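Architecture and fold: a report
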Amino acid sequence: MELQSRTFFPVFSLVLGLPCACVAETQTGAPQQGSNLMNPNISVIGNLGLNWGDDSTISPELFGLKEAELGFQAVVDPYARGDFFIAVDEEGASIEEGYITFLALPGGLSIKAGKFRSNIGKFNRTHPPETVFADRPLATVEFLGEDGLSGIGASASYLVPLSSLYLNLDFEVTNNFNESPSFGYESDGELVAGGKRGDLGYTLRASTYRDLTESSNIAAGFSYVRGVNDASGLQATNIYNTDVTLRWKNPRRAIYRSFMWQTEVLVERMETQPGSTVSSWGMFSYVDFQFSRRWHTGARFDQSERPGDASASERGGLAYITFTPSEFSLLSFQSRYVKRFDGKKEWAHFVKLTFNIGPHGAHPF
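Residues numbered from 1 in each chain as written. Predicted model: local features only at pLDDT ≥ 70, side-chain atom pairs only at ≥ 80, totals over all residues. Heavy atoms only, no water.

Focus: a nonpolar patch on the surface
On the surface, Trp248, Phe259, Trp261, Phe289, Phe291, Trp295, Ile321 and Phe333 cluster together into a nonpolar patch covering about 700 Å² of accessible area. Going through the elements one at a time, β15 (258-273) and β16 (276-292) are the ones with two or more residues in the nonpolar patch. Mapping Phe259 onto the fold places it in strand β15. Residue Phe259 is classed as partly exposed on the basis of its relative accessible area of 31%. (Patch = residues over 30% accessible without salt bridge, like charges linked within 9 Å, V, L, I, M, F, W, Y side chains within 5 Å. Areas by Shrake-Rupley, 256 points an atom, 1.4 Å probe, with all protein chains shown as cover. Salt bridge = Lys/Arg side-chain N within 4 Å of Asp/Glu carboxyl O. Helix = DSSP H or I, 4+ residues; strand = E, 2+ residues; numbered from the N terminus. Buried < 20%, exposed > 50% of the residue type's maximum accessible area, 1.4 Å probe, protein only.)

In structure tokens form, the structure reads like this:
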């Protein structure tokens, strides 16, 4: 009867669908957590915010749930892993990324298949809740879209076996990119991906990394993206991206001081009609300085032309101070200034509150 009394309530709870800690007891009576081997790592990142000011692009409401990101990540078998991220906001839910990665292919090759953020630059691959900003840089919004560039397809990655240099090559083939001003056109007031079924999007990236000293390193990359931008698929857009990231963190005082500087430049050549090409460009550069164990401050400079219209240009900047009680949460106060295409000067102010629940995997370094 002693064994039955110990096992009856967990079994009864499971049958009725009631919450249950599902623990087993040893002979000494100490509870032990059941195995989690067959379950994925589940995490939630909450991104809450306030915004106000005379900026025409921000929400008219003071408070907002910017996004809640649900992550499901697990090893599929010894040769592959799966990652799914679902973005939930006030408009509904959507799959932000969902892919399987085959890690142990011959020749040091790895392949990813599914929906994923395109490997252009460093910033595009980072999910919105996990960036240091409450907004997106002007150039990324103008050229890649509000949510960044992504597609459904396959990606191959190869680490070139060089003894003196780290060099990684990535090649992606996807459906033509959705919701991107550079690779789509407006239809009934909505942005539609250009091309037909056979028109695809292509991304090529080469990236490198080098330690400069014990405390500093530099990473650099070059990306190329090509896709069509009209319904018939006769007009193409090419984007060239260069990114540089410099980091400094003294390993002896790593929790108290750090510095990062990152810059990206995008150059676009868009065919506005067969035989006619318009070039435009944009860039952003920002610094982040950790001056205390729980405090960061930083600033960003933005400049961008409009895709397909190099005569229209806007520029601005953003400054912030961020308090991080731990690595699982942050509270950031930010202000942004933008001089728009029409010459209008606009200010926006943000409060960003981000918190993490569960074991969320790291993003690309």
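Still more to cover.
Examining the nonpolar core
Residues Ile120, Ala139, Phe143, Leu144, Leu149, Phe177, Phe183, Val225, Ile239 and Leu266 constitute the largest nonpolar core, which totals 10 residues. At 3 residues, helix α2 (residues 138-144) tops the list of elements feeding residues into this core. Dropping the residues within four chain positions of it, Ala139 is found in contact with Leu144, Leu266, Gly282, Met283, Gln303 and Ser304. If you look at the next biggest cluster of nonpolar residues, it comprises 7 residues, including Phe123, Phe133, Tyr286 and Tyr320. (Core = buried A, V, L, I, M, F, W, Y, C linked by side-chain atoms within 4.5 Å. Contact = heavy atoms within 4.5 Å.)

A closer look at the pattern of salt bridges
Overall, the coordinates contain 11 salt bridges when judged by the stated rule. For Arg81, the salt bridge is made with Asp83, and the minimal N-O distance between the two is 2.9 Å. Taking the relative accessible area as the measure of exposure, Arg81 reaches 27% and is therefore partly exposed. Residue Asp83 is classed as buried on the basis of its relative accessible area, which comes to 4%. Within the structure, one salt-bridge network assembled from shared partners comprises Asp55, Asp135, Arg300, Asp302, Glu314, Arg336, Arg340, Lys344 and Glu346.

Some thoughts on the side chain of Thr322
Locating Thr322 in the fold gives a position in strand β18 (residues 309-326). Since its relative accessible area comes to 6%, Thr322 is described here as buried. Polar side-chain contacts of Thr322 include one of 2.8 Å to the side chain of Ser332. Excluding anything up to four places from it in sequence, Thr322 contacts Arg294, Trp295, His296, Leu330, Leu331 and Ser332. (Polar contact = N/O pair within 3.5 Å; in protein donor to acceptor, adjacent residues only side chain to side chain.)

Some details on the pairing of strand β3 (residues 41-53)
Across a regular strand the side chains alternate sides, sitting on one face of the sheet and then on the other. As defined by bridge partners, β3 adjoins strand β4 (residues 63-77) across 10 bridges and the pair is classed as antiparallel. Across the sheet, the residue bridging to Leu50 is Phe63, located in β4. The sheet contact formed by β3 and strand β20 (residues 345-357) spans 10 bridges and is antiparallel. Paired with Gly53 across the two strands is Ala348, which belongs to β20. (Pairing = 2+ DSSP bridges.)

Here we look at the pairing of strand β13 (residues 216-228)
Direction of pairing for strand β12 (residues 200-211) relative to β13: antiparallel, over a ladder of 10 bridges. Among the inter-strand pairings, Tyr202 is bridged to a residue of β13, identified as Arg226. In this structure, the hairpin formed by β12 and β13 is closed by a connection of 4 residues. Examined bridge by bridge, β13 and strand β14 (residues 236-248) share 13 bridges and lie antiparallel to one another. Across the sheet, Asn217 pairs through a bridge with Arg247, a residue of β14.

Side note on the confidence of the model for the protein
For the protein, mean pLDDT is 86; residues scoring 70 or higher make up 88% of the total. Here residues 1-35 scores under 50 on pLDDT; set against residues more than four positions off or in separate chains, the count is 16 contacts. (pLDDT = per-residue confidence, 0-100.)

Re the side chain of Asp55
Tracing the backbone through its elements, the reader meets Asp55 in the loop between β3 and β4. Overall, Asp55 belongs to the buried group, its relative accessible area being 4%. Polar side-chain contacts of Asp55 include one of 2.6 Å to the side chain of Thr57. Within polar-contact distance, the side chain of Asp55 engages the side chain of Arg340 at 3.0 Å. When sequence neighbours within four positions are dropped, the list of residues in contact with Asp55 reads Arg336, Val338, Arg340, Glu346, Trp347 and Ala348.

A short note on the packing of aromatic side chains
Scanning the model with the defined rule gives 9 aromatic pairs in all. Relative to Phe291, the ring of Phe289 lies with its centre 6.4 Å away and its plane at 35°, an arrangement referred to as tilted. The exposure class of Phe291 is partly exposed, given its relative accessible area of 32%. Among the aromatic side chains, those forming a connected cluster through ring pairs are Phe123, Phe133, Phe284, Tyr286 and Tyr320. Sitting over the ring of Phe116, Lys112 keeps its end group 4.8 Å from the ring centre. (Phe/Tyr/Trp six-rings, centres within 6.5 Å; stacked < 30°, edge-to-face > 60°. Lys NZ or Arg CZ within 6 Å of the ring centre and 35° of its normal.)

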